[in-house]
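Structural overview for review
The primary structure of each chain is shown beneath.
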Amino acid sequence: MGKRRDYNRESVEVCRNCKGSGVVHGPAAFHAHGREVDPEAVECAVCKGSGRVRKSLAVRVTIEPYVNAGGR
């Protein structure tokens with residue numbers, strides 16, 4: 001006989017891709033005269049600009065008897 005438990009949890013967290021700002025910056029580009037051009041800010045593809053994401057966890061714990069092959 002065994003025992004099984006299921007745990008489900010949802011939470012709202014800060015987006016790790018944009019650090020909660022909702023925008024990400026592309027790589028810095030270089031100008032023809034040697035100066036850096038400021039990277040353009042675009043909407044974060046992970047959180048769609050909200051700065052937050054929903055995180056869902058589903059965990060299953062199964063406990064079963066251990067049968068030793070050595071006889072004990």
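Before reading on, note that the structure itself is shown above.
Tallying secondary structure elements over the protein chain gives zero helices and six strands in all. When its helices and strands are written in sequence order, the protein chain yields β-β-β-β-β-β. A buried classification covers 10% of the 72 residues belonging to the protein chain. For the protein chain, contacts bridging at least 24 residues in sequence account for 62% of all contacts bridging at least 6.

Along the chain, Cys 18 falls in the loop between β1 (3-14) and β2 (23-25). In this structure the C-alpha to C-alpha distance between Cys 18 and Cys 44, which are 26 residues apart in sequence, comes to 6.4 Å. Excluding residues within four positions of it along the chain, Cys 18 makes contact with Val 23, Val 24, Cys 44, Cys 47 and Gly 51.

On to the environment of Ser 56, then. By secondary structure assignment, the location of Ser 56 is in strand β6 (residues 52-63). On the basis of relative accessibility, which here comes to 53%, the residue Ser 56 falls in the exposed class. Residues Ser 56 and Val 12 lie 44 residues apart in sequence; the distance between their C-alpha atoms is 8.9 Å. Here Ser 56 is in contact with Arg 9 and Glu 10, once residues within four sequence places are set aside.

Take a nonpolar patch on the surface next. A surface patch of nonpolar side chains, about 420 Å² in accessible area, is lined by Tyr 7, Leu 57, Val 59, Val 61 and Ile 63. A total of four residues in the nonpolar patch trace back to one element, the largest contributor, which is β6.

Let us look at the pattern of salt bridges. Applying the stated criterion across every chain, the model contains four salt bridges. Ionic pairing is found between Arg 4 and Asp 6, a salt bridge with its closest N-O pair at 4.0 Å. Take Arg 4: its relative accessible area is 54%, and that puts it in the exposed class. With a relative accessible area of 43%, Asp 6 lands in the partly exposed category. Between Glu 10 and Arg 54 there is a salt bridge, and its shortest N-O distance comes to 3.8 Å.

Take the side chain of Ser 11 next. In this fold, Ser 11 is placed in strand β1. If we skip the residues at most four places from it in the chain, Ser 11 touches Val 53, Arg 54 and Lys 55.

What counts and what doesn't
Residues numbered from 1 in each chain as written. Predicted model: local features only at pLDDT ≥ 70, side-chain atom pairs only at ≥ 80, totals over all residues. Heavy atoms only, no water. Helix = DSSP H or I, 4+ residues; strand = E, 2+ residues; numbered from the N terminus. Buried < 20%, exposed > 50% of the residue type's maximum accessible area, 1.4 Å probe, protein only. Contact = heavy atoms within 4.5 Å. Patch = residues over 30% accessible without salt bridge, like charges linked within 9 Å, V, L, I, M, F, W, Y side chains within 5 Å. Areas by Shrake-Rupley, 256 points an atom, 1.4 Å probe, with all protein chains shown as cover. Salt bridge = Lys/Arg side-chain N within 4 Å of Asp/Glu carboxyl O.

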